[in-house]
Amino acid sequence: MTRPKLVVLPGDGVGPEVTGEACRVLDWLRAERGFDCEVREHAYGFSVFREHGRLLLDEVLADALAADAVLFGAMGGPEYDDVPTPVRRAGSVLRLRMELGTFANLRPAVGFPELADAVPFKESVIAGADILLVREANGGIYFGEPRGIETMDDGGRRGVNTLVYGSHEIARVARMAFSLARQRKGRLCSVDKSNVLESGALWRQVVTETHAQGFEDVELSHMLVDNCAMQLIRDPAQFDVIVTTNMFGDILSDGAAAIMGSLGMAPSASLGEPDGDGRRHALYEPVHGSAPDIAGRGIANPLGAIWSLALALRHSFDRAGDAARIERAIRNVLGRGVRTADIAGDHQPVGTREMGDAVLAELAALNDASDAASPATAQL
Ligand code: IPM
Ligand code: MG
């Protein structure tokens, strides 16, 4: 294998703070675990807009396309009110996912017993919950045309978006979700709104057809999205892998993250189709976004970003052992009561840097241990 290449885009808001901690873990992997990787960091987001009038420069996109993986921080914030809509759309993380062709956005949510004091659910509800939500990320209503805000003849205005899915878009994300389910508990729940939407009816048909094309060993169920929202709260442990549309996945993944007490915990991996050499584009990002209210204060939770790095090691760099080691370190740190403000529970909160320090100390302690079992996602 040629020297793997990682592009880091810290972005806006708390993005630089949390990716900074993930990069310290990366430095540790390079120093202690022999992970030889070329890392290139680029400016992205509002700081780039101020200077260049764009959020995402062409050369940055080209570098991301040439990389084995992109580690992304966050985009957005109140200053985006000054960014014209076309500029925002041309440089958003949605566009990045589209340009990279990373159509499957994997969002794990795990009910950690270590976090029981910080989670707004009874321990018995989150016990055993280990969900992998697969969100379609290149299509649906976030990309459909026509779209826009138009003025009508009577002077009234209307906003238009289009929810459209082609069968190939549904089939490819379904295949990815079935493959993942096969390496976990073997259960896939497909979530749609087929009782109202034609695109939802097609979604259900195509997932069912895909199931019959070589995935019969996986147990498939279907659920309506409104019911799924309720089931995720009522009994999250019933799910293994969930596959759903772009917008439903956006919404349900925030809801699923509640079993971890905070969006700050939630990681994600966006994966594309492998090419002939088995190489695929991949984008790794914490789900929390830019969190402008706490940006620059050194209190953001870096665990979503650090866990996203673990997903990169597993899905892009063939280092499942190191991924599991990082996931184990995260759990141990939580179990010791080291907590940022968003998951403080009964504990005195620490800052972003202290949380990074605690993970690094735990990694050093685990370095020779052989029992670093993964709490979350399956290996593709
Ligand atoms: C997410 C975010 C983004 C999305 C926004 C910031 C465009 O909400 O990653 O879930 O909708 O995908
Ligand atoms: Mg979201």
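Residues numbered from 1 in each chain as written. Chains lettered and ligands numbered in written order. Predicted model: local features only at pLDDT ≥ 70, side-chain atom pairs only at ≥ 80, totals over all residues. Heavy atoms only, no water.

1. Quick word on the sheet that holds strand S5 (residues 130-136)
Then, in step 1: With mixed pairing, 10 strands are arranged side by side in an open sheet as S2-S1-S3-S12-S11-S4-S5-S10-S8-S9. Because the sheet does not close on itself, it has two edges, and the strands there are strand S2 (38-41) and strand S9 (219-224). On average, each strand axis in the sheet is tilted by 20° relative to the strand beside it, whichever way the strands run.
Then, in step 2: As judged from the 2 bridges shared by strand S3 (residues 69-74) and strand S12 (residues 282-284), these two strands associate in the parallel manner. In the sheet register, valine 70 faces S12, and the bridge partner there is leucine 283.
Then, in step 3: Along the sheet face, helix H8 (residues 198-212) touches S5, strand S8 (187-192), S9 and strand S10 (241-244) and points at about 175° away from the line of S9. (Pairing = 2+ DSSP bridges. Helix = DSSP H or I, 4+ residues; strand = E, 2+ residues; numbered from the N terminus. Axes fitted to C-alpha atoms, helices over the stretch in contact; angles between N-to-C directions. Contact = heavy atoms within 4.5 Å.)

2. So, the site of ligand 1
Then, in step 1: Around ligand 1 sit Leu94, Arg97, Arg107, Arg135, Tyr142 and Asp250, and that is every residue in its neighbourhood.
Then, in step 2: With respect to ligand 1, the side chain of aspartate 250 contributes an N or O atom lying 2.9 Å from an oxygen atom.
Then, in step 3: The residue makeup of the shell around ligand 1, split by class, is 2 nonpolar, no polar and 4 charged. (Near = heavy atom within 4 Å. Polar contact = N/O pair within 3.5 Å; in protein donor to acceptor, adjacent residues only side chain to side chain. Nonpolar A, V, L, I, M, F, W, Y, C, P; charged D, E, K, R; others polar.)

3. Re the pattern of salt bridges
Then, in step 1: Evaluated as defined, the whole model comprises 26 salt bridges.
Then, in step 2: Arginine 30 is the salt-bridge partner of aspartate 27, the closest N and O atoms lying 3.7 Å from each other. In this pair, aspartate 27 and arginine 30 both sit in helix H1 (residues 15-32), 3 residues apart, roughly one turn of the helix.
Then, in step 3: Overall, the relative accessible area of 44% leaves aspartate 27 in the partly exposed class.
Then, in step 4: Connected through shared salt-bridge partners, Lys5, Glu38, Arg40 and Asp63 make up one network. (Salt bridge = Lys/Arg side-chain N within 4 Å of Asp/Glu carboxyl O. Buried < 20%, exposed > 50% of the residue type's maximum accessible area, 1.4 Å probe, protein only.)

4. Re the domain arrangement of the chain
Then, in step 1: Along its sequence, the chain is organised into domain 1 (1-103 + 263-380) and domain 2 (120-260).
Then, in step 2: The distance between the C-alpha centroids of domain 1 and domain 2 comes to 24 Å.
Then, in step 3: Tallying the contact residues gives 23 residues for domain 1 and 19 residues for domain 2.
Then, in step 4: A buried area of about 1800 Å², summed over both sides, lies between domain 1 and domain 2, and 63% of it is on carbon and sulfur atoms.
Then, in step 5: Counting across the interface, domain 1 meets domain 2 through 0 salt bridges.
Then, in step 6: Connecting domain 1 to domain 2 are 3 residue pairs in polar contact (both at pLDDT 80 or more).
Then, in step 7: Here the side of domain 1 that touches domain 2 gets 3 residues from one element, more than from any other, and that element is helix H5 (residues 93-99). (Domains from an automatic or database assignment. Buried area = accessible area lost by both parts, 1.4 Å probe.)

5. Quick look at unusual backbone geometry
Then, in step 1: Omega for the peptide link from glutamate 145 to proline 146 comes to 0°, which places this bond in the cis form.
Then, in step 2: Residue alanine 291 is not a glycine yet carries a positive backbone phi of 45°.
Then, in step 3: Its location among the elements puts alanine 291 in the loop between S12 and helix H11 (303-315).

6. Re the packing of aromatic side chains
Then, in step 1: Applying the stated criterion to the full structure yields 7 aromatic pairs.
Then, in step 2: Their ring planes at 65° and their centres at 5.2 Å tell us that tyrosine 44 and phenylalanine 72 sit as a pair that is edge-to-face. In this pair, tyrosine 44 is assigned in the loop between S2 and helix H2 (46-52) and phenylalanine 72 in strand S3, connecting sequence segments 28 residues apart. Grouping residues by exposure puts tyrosine 44 and phenylalanine 72 together as buried.
Then, in step 3: Ring plane angle 50° and centroid distance 5.7 Å describe the contact between phenylalanine 112 and tryptophan 307, whose orientation is recorded as tilted. Of this pair, phenylalanine 112 sits in the loop between strand S4 (104-110) and helix H6 (123-126) while tryptophan 307 sits in helix H11; the two residues are 195 residues apart in sequence, bridging distant segments of the chain. The residues phenylalanine 112 and tryptophan 307 share a single accessibility class, namely buried.
Then, in step 4: Aromatic rings pair up to connect Phe46, Phe49 and Tyr80 into one cluster. (Phe/Tyr/Trp six-rings, centres within 6.5 Å; stacked < 30°, edge-to-face > 60°.)

7. Some points on the environment of glutamate 327
Then, in step 1: Of note, glutamate 327 is situated in helix H12 (residues 320-335).
Then, in step 2: Since its relative accessible area comes to 2%, glutamate 327 is described here as buried.

8. Let's talk about H1
Then, in step 1: Counted at 1.5 Å a residue, the expected span for H1 with its 18 residues is 26 Å, and the 26 Å between its end C-alpha atoms agrees.
Then, in step 2: Turning to H1, its buried residues are Gly15, Glu17, Val18, Thr19, Glu21, Ala22, Cys23, Val25, Leu26, Trp28 and Leu29.
Then, in step 3: Against the buried residues of H1 lie strand S1 (5-11), S2, S3, H11, H12 and helix H13 (352-366).
Then, in step 4: Two residues or fewer after H1 comes glycine 34, characterised by a positive phi angle close to 65°. (Expected span 1.5 Å × (residues − 1).)

9. Some details on helix H10 (residues 246-257)
Then, in step 1: Helix length check: H10 (12 residues) gives 17 Å between terminal C-alpha atoms against 16 Å at 1.5 Å per residue, within 8%.
Then, in step 2: For H10, the set of buried residues is Asn246, Phe248, Gly249, Leu252, Ser253, Ala256 and Ala257. With its buried residues spanning 150° around the axis, H10 presents them on a single face.
Then, in step 3: Looking at the packing, one finds that the buried side of H10 touches S4, S5, S8, helix H9 (225-234) and S10. (Arc of directions from axis to C-beta.)

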